[in-house]
Amino acid sequence: MSKGLKSILEHKMQNIVIIDSHYLCWRGFYTTGRLTFNGNATGVLYAFFRDIMSIQELFNPDIIVFCFEGSGKRIREDIYPDYKKTRTREYTDEEMMARDGLRMQIDILREDVLPGLGFKNIFTQDRYEADDIIAAICLDRTEDDITIISGDSDLYQLIRKGVRIYNPRNQKKMSKTKFCKQFGIKPQLWPIAKSIIGDKSDNIKGVNGVGEVGAIKYVRGELSENSANMKKIKKSRDVIDLNLKLIQLPFKGTVTPKIVEHEIMDIQVWSRNMERFGIKTLNRKESNEQKPEGFKF
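Values in this document were obtained by computation on a predicted structure and should not be read as measured data. (Residues numbered from 1 in each chain as written. Predicted model: local features only at pLDDT ≥ 70, side-chain atom pairs only at ≥ 80, totals over all residues. Heavy atoms only, no water.)

Novice: Can you tell me about the overall build of the protein, naming the residues and giving the values?
Specialist: The number of helices and strands found in the protein is eleven helices and ten strands. The C-alpha radius of gyration computed for the protein amounts to 21 Å, which stays within 12% of the reference 19 Å derived for 297 residues, consistent with globular compactness. Oriented by its inertia axes, the alpha-carbon framework of the protein measures out at about 70 × 65 × 30 Å. In the protein, which comprises 297 residues, the share counted as buried stands at 46%. Distance between charge centres in the protein, computed from 49 positive and 41 negative side chains, equals 6 Å. (Helix = DSSP H or I, 4+ residues; strand = E, 2+ residues; numbered from the N terminus. Rg over C-alpha atoms; globule rule 2.2 N^0.38 Å. Buried < 20%, exposed > 50% of the residue type's maximum accessible area, 1.4 Å probe, protein only. Lys, Arg positive; Asp, Glu negative; His and termini not counted. Charge placed at Lys NZ, Arg CZ, Asp CG, Glu CD.)

Quick look at the structure:
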């Protein structure tokens with residue numbers, strides 16, 4: 001028996017949930033961001049804890065992985081200085097304080113609370129994005145069942161049999177079957193389409209005058225050589241090639257983290273953290289022998 005086949009047969013498939021943690025934090029910032037306790041912002045923490053409970057109940061994962069954005073200048077800016085540099089407005093002092101509170105809560109989650117709760121798989125890489133780490137894990141864990149928690153359509157390229165994306169905003173899953181039905185192409189071709197379309201949120205300019213429909217038709221080979229969209233695409237090869245480097249995941253140099261099994265969380269530890277941040281509605285004071293369903297962390 002070959003070593004490769006032996007490894008596959010011996011591998012126990014894991015049910016893994018990978019969380020785009022910055023996405024959840026920003027989502028909480030816009031929904032419950034004004035909550036405070038003892039003068040400190042806690043709305044992002046509340047939303048994050050609430051989502052963890054919901055995710056646990058929905059997917060009952062063996063392992064939960066948290067991926068955060070890296071610090072420092074983004075690596076993609078080395079080849080495209082305007083990456084994510086969209087037009088900004090001046091914020092009021094109150095808005096600046098709110099954003100400072102968001103950053104503080106993200107740091108507390110990553111460095112203090114999540115490790116204290118027993119979670120072991122908390123990853124970040126300087127200059128790289130959470131998307132890159134998520135992609136590296138998906139490429140590495142090919143024999144596991146993976147659900148990605150995010151609202152970022154860039155991650156559609158990672159979808160395959162055994163990998164899906166769950167968007168907590170609309171509570172919908174995007175599977176390979178659904179993706180192919182909606183877009184008419186395979187997920188691995190999504191970066192090419194997006195390189196033509198562009199991405200306003202990341203300040204990636206696509207081919208002027210070619211939208212999603214035209215880009216999808218190009219990828220499917222349905223554009224005639226003399227069509228206006230084909231001519232625009234041919235004139236924009238340099239733009240498309242650059243965009244593809246920015247959009248395709250993971251970006252070169254991403255380190256693949258090693259996933260380990262985490263401890264079963266003690267309900268009392270969870271309750272102490274809820275009390276610490278004044279989050280009464282998510283508190284649980286049951287003993288370990290009376291764990292409510294959905295707390296197998």
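From this point, the narrative continues.
Novice: Can you lay out the pattern of salt bridges for me, pointing to particular residues and giving the numbers?
Specialist: Inspection of every chain in the model, using the stated rule, returns 21 salt bridges. Among the ionic pairs, Asp51 bridges to Arg27, the shortest N-O distance being 3.1 Å. Of this pair, Asp51 sits in helix H3 (residues 43–59) while Arg27 sits in helix H2 (residues 21–32); the two residues are 24 residues apart in sequence, bridging distant segments of the chain. A residue is classified by how much of its surface remains accessible, and Asp51, at 7% relative accessible area, is buried. Among the ionic pairs, Asp78 bridges to Lys73, the shortest N-O distance being 3.7 Å. Each of Arg76, Lys84, Glu129, Asp132 and Asp202 takes part in one network of salt bridges that share partners. (Salt bridge = Lys/Arg side-chain N within 4 Å of Asp/Glu carboxyl O.)

Novice: So what's going on with the packing of helix H7 (residues 190–197) against helix H10 (residues 237–247)? Which residues, and what values?
Specialist: The contact between H7 and H10 brings their axes to 8 Å, and the two run at 125 degrees. Put simply, H7 runs oblique to H10. In terms of crossing hand, the pair formed by H7 and H10 is right-handed. Only Ile240, Asn243, Leu244 and Ile247 of H10 make contact with H7, whose side of the interface consists of Pro191, Ile192, Lys194, Ser195 and Ile196. Tallied by class, the residues present in the contact of H7 with H10 amount to six nonpolar, two polar and one charged. (Axes fitted to C-alpha atoms, helices over the stretch in contact; angles between N-to-C directions. Parallel < 35°, antiparallel > 145°, perpendicular 65-115°, else oblique. Left-handed = near helix turned anticlockwise from the far one by under 90°. Contact = heavy atoms within 4.5 Å. Nonpolar A, V, L, I, M, F, W, Y, C, P; charged D, E, K, R; others polar.)

Novice: How would you sum up the side chain of Arg141? Please name residues and give values.
Specialist: Here Arg141 is to be found in the loop between helix H5 (130–140) and strand S6 (145–149). Polar contacts involving the side chain of Arg141 include one to the side chain of Asp144, which spans 2.7 Å. (Polar contact = N/O pair within 3.5 Å; in protein donor to acceptor, adjacent residues only side chain to side chain.)

Novice: Requested: an account of the sheet that holds strand S7 (residues 163–167), with residues and values cited.
Specialist: Taken together, six strands build an open sheet; the order of strands is S5-S4-S1-S6-S7-S8 and the sheet is mixed. Every other strand in the sheet has two partners, leaving strand S5 (122–123) and strand S8 (172–174) as the edge strands with one partner each. Two elements, strand S1 (residues 15–20) and S6, share five bridges in a ladder whose sense is parallel. Within S6, the residue paired with Ile18 across the bridge is Ile148. Packed on one face of the sheet, H2 meets S1, strand S4 (63–67), S6 and S7 and runs near 55 degrees to S1. Strand contacts of H5: S1, S4, S5, S6 and S7, with the helix running at about 165 degrees to S1, the strand carrying the most contacts. (Pairing = 2+ DSSP bridges.)

Novice: Kindly report on the pairing of S4, identifying the contributing residues and their values.
Specialist: Of all five residues in S4, five are buried, a share of seventy percent or more. Alternating positions in S4 separate into two faces, Ile63, Val65 and Cys67 on one and Ile64 and Phe66 on the other, with burial throughout. Of the strand pairs in this sheet, S1 and S4 are connected by five bridges, and their pairing is parallel. Across the sheet, Ile16 pairs through a bridge with Ile63, a residue of S4. Bridge count for S4 against S5 is two bridges, and the pairing is parallel.

Novice: Run through the pairing of S1, naming residues and quoting values.
Specialist: Counting buried residues in S1 gives six out of six residues, a clear majority hidden from the surface. In S1, alternate side chains face the same way, and those of Asn15, Val17 and Ile19 on one face and Ile16, Ile18 and Asp20 on the other are all buried.

Novice: Which residues make up H5, and what values do they have?
Specialist: The buried count for H5 comes to nine of eleven residues, which makes it a mostly enclosed element. Turning to H5, its buried residues are Ala130, Asp131, Asp132, Ile133, Ile134, Ala135, Ala136, Ile137 and Cys138. Against the buried residues of H5 lie S1, S4, S5, S6 and S7.

Novice: Which residues make up the environment of Lys12, and what values go with them?
Specialist: On the secondary structure map, Lys12 appears in the loop between helix H1 (3–10) and S1. Judged by its relative accessible area of 64%, Lys12 is exposed. Placed 191 residues apart in sequence, Lys12 and Asn203 show a C-alpha to C-alpha distance of 41 Å.

Novice: So what about the nonpolar core? Which residues, and what values?
Specialist: Counting 38 residues, the largest nonpolar core has Ile18, Val65 and Ile148 as its most contacted members. Among the elements that line this core, the one with the most residues is H5, at six residues. Counting residues in each nonpolar core, the second largest holds 32 residues, with Leu24, Phe29, Tyr46 and Met274 among its members. (Core = buried A, V, L, I, M, F, W, Y, C linked by side-chain atoms within 4.5 Å.)

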